[in-house]
Amino acid sequence: MKFRHLLSTMTILGTFAASSPALAQTVDVQHYWTSSSESKAMNTIADSFKQRGGKWIDSPSADFDAALAAATSRIAGGQPPSAILMTPSSALRDLASSGQLRDFDDLAAKGGWQKVMAPIVWDKLNVDGHLVALPVGVHAQNWVWYSKPVLEKLKISEPKTFDELFAAADKIKASGGIGIATGGEPWQQVGILYSAFLALGGPEYWNELIVKRSPEALKSPVLTQAFDIFRKVSTYADPASPGRSWNDTTNLVVTDKAGFQFMGDWARGEFLAAGKVAGKDFGCLLTPAEKPGYAILIDVFAFPVNTDDDRIKGQTLLADSIMEPAVQEKIAEVKGSVPSRTDVDTSKLDTCAQIGSKTLATPGAAVQAAYDALAGDLNGQVTDLAGQFWTDKSMTTQAAVESFSNILQSE
Amino acid sequence: MTVVFFFGIVAVFFYGSILWTGYMSLTRSTLMPNYNFVGFDQYIKLFTNHRWLVSCLNMVIFGVLYIVGTLAFGTLLAVFADRRIRAESLFRTIFLYPLAVSLIVTGLSWRWVLDPVNGLQGLVRGMGWENFTFDWLTDPNRAIYTLVIAGIWHSAGLIMVIILAGLRGVDEDLWKAIRMEGIPLWRAYLQVIFPGMRPVVASCVVLLMSDVIRGYDLVIAMTKGGPGIATEMPAKFAVDYYFARVNLGLASAASIAMLVLSLLLLAPYFYSEFRRRT
């Protein structure tokens, strides 16, 4: 009796759910852009989308991992979001090869998108010959940010080498400030390690080490040097560093409490959001290297296969909004990235973004960041190792290099 | 009818999920399930993974200290409350209150209190004791103990209430006999009252043990597993590998290993219960 009652209730509810009318072209966007500069960038896309008559449902998560977790659960549960903000990582390849993602080959051919993207960007967006992700902006990991007032007060000029950088940091520390601001989360720490690999080894070595994972590259003395530099940076950590988020850490440089920070160029968005001007209030450089590389991380939208007509149209509309040059330019302006379209006017971007787009255009300079290049959970394992090496001062460089080699050779 | 229906639901969703997880742990699934059987590869990977081993060790350290500490502290409070103190219900409410606070809030508040710059250490230094140091939260060798402190604070009240209920159930005649014999109070508790309360204590231990094995939210809120990997826990390992590192196979292996581990930990309890009944 009770069971039948339950069934009839479920049927009635089901009828209601199925009969809700499709009014507009809807997108349900799973993302993690929640800091002040990030939300400005997301609003740029949302506004452009709404102007075209779409209905935007915002599904933000606190961080990158949480957003991906929510998205995969929703896909597995048969209620996929319309779009997921992510990076072209192994997760994207997994989703695409299991047929979960809509491809945009038709729209790309119509819009001539391949011609307006750097080849390294285009390659990352395609899985098995299909365009399965659309780029929002191109970030790079290996940047160093500094406070101009702090450096000027101590008469320090922009460092050109790691030695100069550490000398400058020592001076700042001696004057009572924080030499190098470091956050306490392992992903922030491993970023410094990766930057050191790229700076000391150069782009070609990076490709051998991280992309191809060749055994010869693992024998190079660069590994030991990079871990030593990483250890050296860790000694500048202030007592409040453990657990601190990246944007709180950037804020120390923004407010002139700290001199330098190693962080990807999403940090520039935080400077800009605080009303600071590149070249005047803050400065930027790629991690000091003889041959600078540019470890790119692309923010992309992936579009899970949806069956509802209203939502399919919504995806198409969102794709058009994202690829519009004006939107790409605006996102780069507020978020600190470089536009993923090469035909976007970069003259309005600040000095740091100019350095970025120039390096991105330099042949051979751009490389895939480890987060996207390393297969499976290798990046996660290196992150654990970096976090451990950072905090456990009794771990020797030799032991760290050995673990690192073992991880890279484990797959 | 209803019972069968609900039993069916439990069987499908609970045991079904366990079986499915077990199957997944024998595959090389990454983001999405993959049903190709590869044997025990994932378990080999799991038990050679440094972070997993650290996590297991942490669970043991945390578990022992947390269970012993909470039991000791909760029992002490219960004994005090049992002495018919004034305003007993007020104190009971105060000590039970932390339980009403979620572990996330507990973790965050303790993180603020123990933060070396903005918390207790900063406060005491600000009052003039410049050399006062209490930076356990950021010390990789000691951070695990801060989790124990927060955990005990959170759960001691619950244990107090359960033990107090047990104490209130003790026969008045027993107390009369104790008074007539002139046995000192501490001996009365240790040697007469508590031995008769074994089932109550055993339930407390099981309750606390489930906290230990589930231990996730407190770690997330307080240390995020850091500094480094100093306070990683098995549950966090599984969640991280399920989602952030999209390795369904390894995460499932970790989950099954946790299940086996908890069954092993509970085995002595079941064994003693079983022996008493037969």
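Procedures and definitions
- Residues numbered from 1 in each chain as written.
- Chains lettered and ligands numbered in written order.
- Predicted model: local features only at pLDDT ≥ 70, side-chain atom pairs only at ≥ 80, totals over all residues.
- Buried ≥ 20, exposed ≤ 12 C-beta atoms within 10 Å, placed from the backbone.
- Helix = DSSP H or I, 4+ residues; strand = E, 2+ residues; numbered from the N terminus.
- Pairing = 2+ DSSP bridges.
- Domains from an automatic or database assignment.
- Nonpolar A, V, L, I, M, F, W, Y, C, P; charged D, E, K, R; others polar.
- Contact = placed C-beta atoms within 7 Å.

**Looking at the pairing of strand 9 (residues 258–262) of chain A**
All names here are of chain A. Of all the five residues making up strand 9, five are buried; the element is thus mostly covered by neighbouring parts of the structure. Of the strand pairs in this sheet, strand 8 (residues 178–181) and strand 9 are connected by three bridges, and their pairing is parallel. From the neighbouring strand, A181 faces strand 9, where its bridge partner is Q261.

**Quick look at unusual backbone geometry**
Positioned with a positive phi, A:D256 is a non-glycine residue whose angle comes to about 60°. Summarising the element assignment, A:D256 is placed in the loop between helix 11 (246–254) and strand 9. Even without a glycine there, the phi angle at B:K224 is positive, about 55°. Relative to the helices and strands, B:K224 is located in the loop between helix 11 (217–222) and helix 12 (234–242). Residue B:K224 is classed as partly exposed on the basis of its 18 C-beta neighbours within 10 Å.

**Section: the domain arrangement of chain A**
Residue and element names in this part refer to chain A. Each assigned domain of chain A is listed with its residue range as follows: domain 1 (24–140 + 297–357) and domain 2 (143–296 + 362–409). Where the side of domain 1 that touches domain 2 is concerned, the elements lending two or more residues are helix 2 (36–51), helix 6 (119–125), strand 6 (133–140), strand 11 (294–302), helix 14 (325–335) and helix 15 (351–361). Among the residues forming the side of domain 1 that touches domain 2, the class breakdown is 10 nonpolar, 11 polar and five charged.

**Some details on the interface of chain A and chain B**
The interface is formed by 26 residues belonging to chain A together with 26 residues belonging to chain B. Of all the secondary-structure elements, those providing two or more residues to the side of chain A that touches chain B are helix 1 (2–19), helix 3 (64–76), helix 4 (90–97) and helix 17 (378–391) of chain A. The element contributing the most residues to the side of chain A that touches chain B is helix 17 of chain A, with six residues. Classifying every residue of the side of chain A that touches chain B by side-chain character gives nine nonpolar, 10 polar and seven charged.

**Describing the environment of B:T138**
On the secondary structure map, B:T138 appears in the loop between helix 6 (120–126) and helix 7 (143–168). The exposure class assigned to B:T138 is buried, which follows from the 25 C-beta atoms found within 10 Å. Between the C-alpha atoms of B:T138 and B:T223, which are 85 residues apart in sequence, the distance is 8.5 Å. The residues contacting B:T138, other than those within four sequence positions of it, are A:P239, A:P242, B:P116 and B:P227.

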